[in-house]
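Residue strings, one per chain:
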Amino acid sequence: MAAASFTAAKFLAPVAARSGGDRAPLHASSSLWPRTKPAPRLRTRKALAVSDVLSGNKAAPAAAAHPSATRDEALELYEDMVLGRFFEDMCAQMYYRGKMFGFVHLYNGQEAVSTGFIKLLNQADCVVSTYRDHVHALSKGVPPRSVMAELFGKATGCCRGQGGSMHMFSAPHNLLGGFAFIGEGIPVATGAAFAAKYRHEVLKESGPDGLDVTLAFFGDGTCNNGQFFECLNMAQLWKLPIVFVVENNLWAIGMSHVRATSDPEIWKKGPAFGMPGVHVDGMDVLKVREVAKEAIERARRGEGPTLVECETYRFRGHSLADPDELRKPDEKSHYAARDPIAALKKYIIEQNLATESELKSIEKKIDDVVEEAVEFADASPLPPRSQLLENVFSDPKGFGIGSDGKYRCEDPLFTQGTAQV
Amino acid sequence: MPMATASSSLHGTAAALHGVGAAASSKPRSAAPVARSVRVAAAARGSGSARARGGMVARAAVAANAVAAAESKSGGHELLLFEALREALIEEMKADPTVCVFGEDVGHYGGSYKVTKGLAEMFGDLRVLDTPIAENSFTGMGVGAAMKGLRPIVEGMNMGFLLLAYNQISNNCGMLHYTSGGQFKIPIVIRGPGGVGRQLGAEHSQRLESYFQSIPGLQMVACSTPYNAKGLMKAAIRSENPVVLFEHVLLYNLKEKIPDEEYICCLEEAEMVRPGEHVTILTYSRMRYHVMQAAKTLVNKGYDPEVIDIRSLKPFDLHTIGNSIKKTHRVLIVEECMRTGGIGASLRSSIIDNFWDYLDAPIMCLSSQDVPTPYAAPLEDATVVQPAQIVAAVEQICQ
């Protein structure tokens, strides 16, 4: 059987269909192979409340199609998305000026997912991300100066300069990483959710709201990885308070989602494990927020996990090293037109929640915050040589006993030395 | 996955040779607890050994026949190695409600090697969690749970299965405390039976200590007696570092009398098994018994080997090892790892770096052959180091 070829037209047909409203089934638009029975009607791009999925409602209620926000909510969401966007733009600038190094993966375009989900969380709730983690950190409340300093590799970074772009952690904000290998954060998130259930059931420690919730963010490429499936199973088995948030931006570096995935509809994989699977327009922060609310509340009530697939897009390449030559201009411009920040701005203005100049002043404020973060990072010192051996072990006795019978770490000059054991 | 019954054929050997420091041939069995009571007394003064108390004093040599006989408070109780591990688990789980166990068949089945027998009934299904067959993910779950304040013990039904968890063990257990700038600790214990058994086939006969030893941020210990099994398990659970505890498939039914009082063993220390003058033999886990069997032969031939069970595979206890080398000037390493890249290779390297001037002969290292462990019995026997080879090696070194 001849291999299917995915031309741009075949690929973009469903994409174009999505922008118009009802999304055409991916297979029906291509003549790849004959179907023996009609393809199931796909979920529309309107947000579906999780309860709709559970109750089998095929038609999304009208209200869910146009979720609303109060002025305060809308401005909070706007500010958070603008922070994410301006921060990432500054990262690109700083990278090309030689202030940050290595692999840097920017989040431009995906802000609605981070903001839509994370602004609903409490401090005690956890976020686990991937290497595309700067904006998750910011949404969770990690100060921009700490993130920027970490990116510059300075001692004042949130991880003392030891982690870098792909390893953002913050214990006070319950940001549990920052992971370089895709998929490896999902079990960690599952463990954090397990700990929340354990605290409640074994240690009898209960929060006033219910269980602490963990959000695991990851991409479309990760959804073909074993750890994803293993954790869907375990999370549902034990009804863990976790939400699996798929940021489906259609590309894993240069691998298009449809070229890598036998059934590209990721949300369908939730019900296969017994949990609700929801598809939502990830370019619309209010829709994301609506779905997120229900998924998080479900988890908090102890009803278990939800798989949320957010259709989103990254405006930049996979990383700053990616020439981004495979993605077609039509696709890029299609999503650029759905910029989540522009969409929310339009909504705010049209609903008279705030004026243009108020939004401008938020943008100016964020400009200043980001500038200040850069200044802070610039002025901060690099880590001293003595920092090298700190934090290898929580208990430095792990470096062992030297020939003189004393623990190596007892030597005050130990950290100037080497780690050989 | 097939469950191998731990052979008790070593039991006879162990019973005859047992004792921390007890010169087995000259002391009656009942003297065995005496040497141990040195540690017991130390433990009774505080939690754990002097080191663990933060005293960090220079380590007193735990020699044979320590004069602490009077400090032994009671006769002790006899049990098998897997029961000693179990006892440690029960004690720690009772003392600290954040201690929990994850693994395949650890709960209702009681553990493939019965280490967790009865624990699920005692502590519940959440504290003794029967996991699906997903090593990488449940090990990672252990990491996440540890980051959020629990103290999980992750069991690999066979250590070899943890190859599937290498991603999590290397990247997260080992590195996460560092990459987070010290914000999150991972007080996890990863344990399970490994080593060459009785015709278990290549995949069930692996020595993962070779593969894990490069991972920064990890500690590795290997238990070999009921006494040190219990002590190391407790120490590993209490440690704030991720610790890999290597048990051996063939040692679970070793029987020994251990103290009734609470004690722990120091994770970073080696164990003096038999003091001697002519040659330092460094070994660990099952090979300790092959060495002690060879020692009987060697003693009859007039040799006086000093046998040290290194116990701490990472980091090495350079104090105990060094003191021995300074005395004997000759070193033989006997390990079960394959020749290439094993613990022996690193140990040899470390000895050369630190004690070169004290050596009168090249360091000899006896390792398993670089072959997948064959199923056929004579081939399997030829894969690992046998006592006759150890005797021949000592004769060669001591020429």
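This is a predicted model, so every value here is computed, not measured. (Residues numbered from 1 in each chain as written. Chains lettered and ligands numbered in written order. Predicted model: local features only at pLDDT ≥ 70, side-chain atom pairs only at ≥ 80, totals over all residues. Heavy atoms only, no water.)

Student: Got a sec to walk through the sheet that holds strand β10 (residues 279–283) of chain B? Specific residues and values, please.
Tutor: Residue and element names in this part refer to chain B. With mixed pairing, five strands are arranged side by side in an open sheet as β9-β11-β10-β13-β14. Lying at the two open borders of the sheet, with one neighbouring strand each, are β9 (271–274) and β14 (364–368). When the angles between neighbouring strand axes are averaged without regard to direction, this sheet yields 25°. Relative to strand β11 (residues 305–309), β10 runs parallel, the two being bridged by five bridges. Looking at the pairing, Thr280 lines up with Glu306 of β11. Running at roughly 170° to β11, helix α10 (residues 287–300) makes contact with β9, β10, β11 and β13 (331–338) of the sheet. (Pairing = 2+ DSSP bridges. Helix = DSSP H or I, 4+ residues; strand = E, 2+ residues; numbered from the N terminus. Axes fitted to C-alpha atoms, helices over the stretch in contact; angles between N-to-C directions. Contact = heavy atoms within 4.5 Å.)

Student: Quick one: what's the story with the pairing of strand β2 (residues 99–103) of chain B, residue by residue and with numbers?
Tutor: All names here are of chain B. Where burial is concerned, most of β2 is hidden: five out of the five residues are buried. Residues Val99, Val101 and Gly103 point to one face of β2 and Cys100 and Phe102 to the other, with burial holding for every one of them. Taken together, the five bridges between β2 and strand β4 (residues 151–155) define a ladder with parallel strand orientation. Bridge pairing links Val99 to Arg151 in β4. For β2 and strand β3 (residues 128–130), the ladder comprises three bridges, and the chain directions are parallel. Directly across from Val101, in β3, lies its bridge partner Val128. (Buried < 20%, exposed > 50% of the residue type's maximum accessible area, 1.4 Å probe, protein only.)

Student: Describe the packing of helix α4 (residues 71–96) of chain A against helix α5 (residues 111–118) of chain A, and please don't skip the residues or the numbers.
Tutor: Residues and elements named next belong to chain A. The geometry of α4 relative to α5 is characterised by a closest axis approach of 9 Å and an angle of 135° between their N-to-C directions. The pairing of α4 with α5 is recorded here as oblique in orientation. Crossing of α4 over α5 shows right-handed handedness. Packed against α4, whose contacting residues are Leu77, Asp80, Met81 and Arg85, the element α5 presents Glu111, Ala112 and Thr115 at the interface. (Parallel < 35°, antiparallel > 145°, perpendicular 65-115°, else oblique. Left-handed = near helix turned anticlockwise from the far one by under 90°.)

Student: Residue-level account of the domain arrangement of chain A, with values.
Tutor: Domain boundaries assigned for chain A yield domain 1 (47–57 + 64–384) and domain 2 (389–421). Computed from C-alpha atoms alone, the centre-to-centre distance between domain 1 of chain A and domain 2 of chain A is 38 Å. (Domains from an automatic or database assignment.)

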